[in-house]
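# Reading the structure
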Amino acid sequence: MSAAQTPDHLAIIPARWGSTRFPGKPLADLCGHPLFWHVHQRCLQARLIVGAVVATDDRRIAKACETYDVPCVLTGPCATGTDRVAQAAQQLTADGYINVQGDEPFIDPGAIDAVSYALANDPIGADAVNACTPIDHPDDINDPNIVKAVGDSENNALMFSRLPIPFARGQHPGYLRQLGLYAMTGSALLAFAELPQGPLEQAESVEMLRLIEHGHRVRLLRTHDGGPAVDTPADLEHARQHLQQRNEHHL
């Protein structure tokens, strides 16, 4: 591919009500606005994508999107967020799709652009690009809500796990956190939706493992970590503190 290629990529934000760890999470209040609104605002700051849309099967979330003038498409029930993105993509034509998970209110717009560019210009033609970032805080290494990523010497993803991988029996290996940010070609997204969940995906509940288990190439791309994800109500409080500190810093 030419390094100048910048095809039309669309960001899709999957949002569901029935999170086991945090029901109703997309509508959780983060400093006066629902969580999905913050994610959408970050997407709007990206420069290489053509737009951003919320995908949900919940009428309450769809109604909130209408209130905040955020584009939204309705899907049926889905096993994972990427399956929801695949359903939404059937209604939204683009060259590629950026899955920006709805619990990443501080996702770096530059990271969105980076995975988009990397997908379009991968020299081998990766099926997906998954953003990741180094883990700095020791507590995060053992946190099962934080997915760790391992890649080979060419940044092809080998494994994702909620356990601390690789195991540090000797020298500290350095750990990578999988960000909720994937870029996928339209053909890979269609293939993903048709593939069965394998034992690794089912055990870890990490959907990118589906591609790896079925032999698809997933590139890891190191990007900047804009701030904490929100997996639990406790994370939401952390996010509020983080946002307040950022706002105070910019006063």
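That block above? That's the structure.
Numbers given for residues are sequential positions, taken from 1 along each chain in its written order. Thresholds applied to this predicted model are a pLDDT of at least 70 for local features of residues and 80 or more for the giving and counting of side-chain atom pairs; totals over whole chains, interfaces and linings are not thresholded and use all residues. Side-chain numbers here rest on the full set of heavy atoms in the structure, without hydrogens or water.

### Details of the overall build of the protein
Strands here are runs of E lasting at least two residues and helices are runs of H or I lasting at least four, both read from the DSSP assignment and numbered beginning at the N terminus. Check the secondary structure of the protein and you find nine helices and 11 strands. Throughout, radius of gyration means the C-alpha value; the globule benchmark is 2.2 Å times the number of residues raised to the power 0.38. In summary, the protein has a C-alpha radius of gyration of 17 Å against a globular reference of 18 Å for 251 residues, a match within 12%. Expressed as lengths along the three principal axes of its C-alpha atoms, the size of the protein is roughly 45 × 40 × 35 Å. Sequence separation of 24 or more characterises 70% of the internal contacts of the protein that already satisfy a separation of 6 or more. Summed over its atoms, the accessible surface of the protein is roughly 12000 Å², and 50% of this surface lies on carbon and sulfur atoms. Residues scored as charged are limited to Lys and Arg (positive) and Asp and Glu (negative), so that His and the chain ends carry no count. Each charge is placed at NZ for Lys, CZ for Arg, CG for Asp and CD for Glu. Averaging the positions of the 19 positive and the 30 negative side-chain charges in the protein gives two centres separated by 2 Å. Only heavy atoms matter for contacts: two residues are in contact if any of them lie within 4.5 Å across the pair. Values of accessible area rely on a 1.4 Å probe in the Shrake-Rupley scheme; residue burial ignores everything except the protein chains shown.

### Side note on the layout of surface pockets
The way it works is a 1 Å grid over only the protein atoms, where trapped points that fit a 1.4 Å probe form a cavity and open points with protein on both sides within 12 Å along at least five of seven lines form a pocket, and then any residue with an atom within 4 Å of a point lines it. Grid points are joined across faces, edges and corners, and a volume is the space filled by probe spheres set on the points. Here the largest pocket is characterised by a volume of approximately 1200 Å³. If you trace the largest pocket, you find 45 residues lining it, with Arg21, Lys25, Gln101, Asp103 and Asp231 closest to the centre. Those elements that provide at least two residues to the lining of the largest pocket are β1 (9-15), α3 (81-89), β7 (128-134), β10 (176-185) and α9 (233-249). The leading source of residues in the lining of the largest pocket is β10, at five residues. Residue composition of the lining of the largest pocket, by class: 14 nonpolar, 15 polar and 16 charged. Side-chain classes follow a simple rule in which Ala, Val, Leu, Ile, Met, Phe, Trp, Tyr, Cys and Pro form the nonpolar group, Asp, Glu, Lys and Arg form the charged group, and the remainder, Gly included, forms the polar group.

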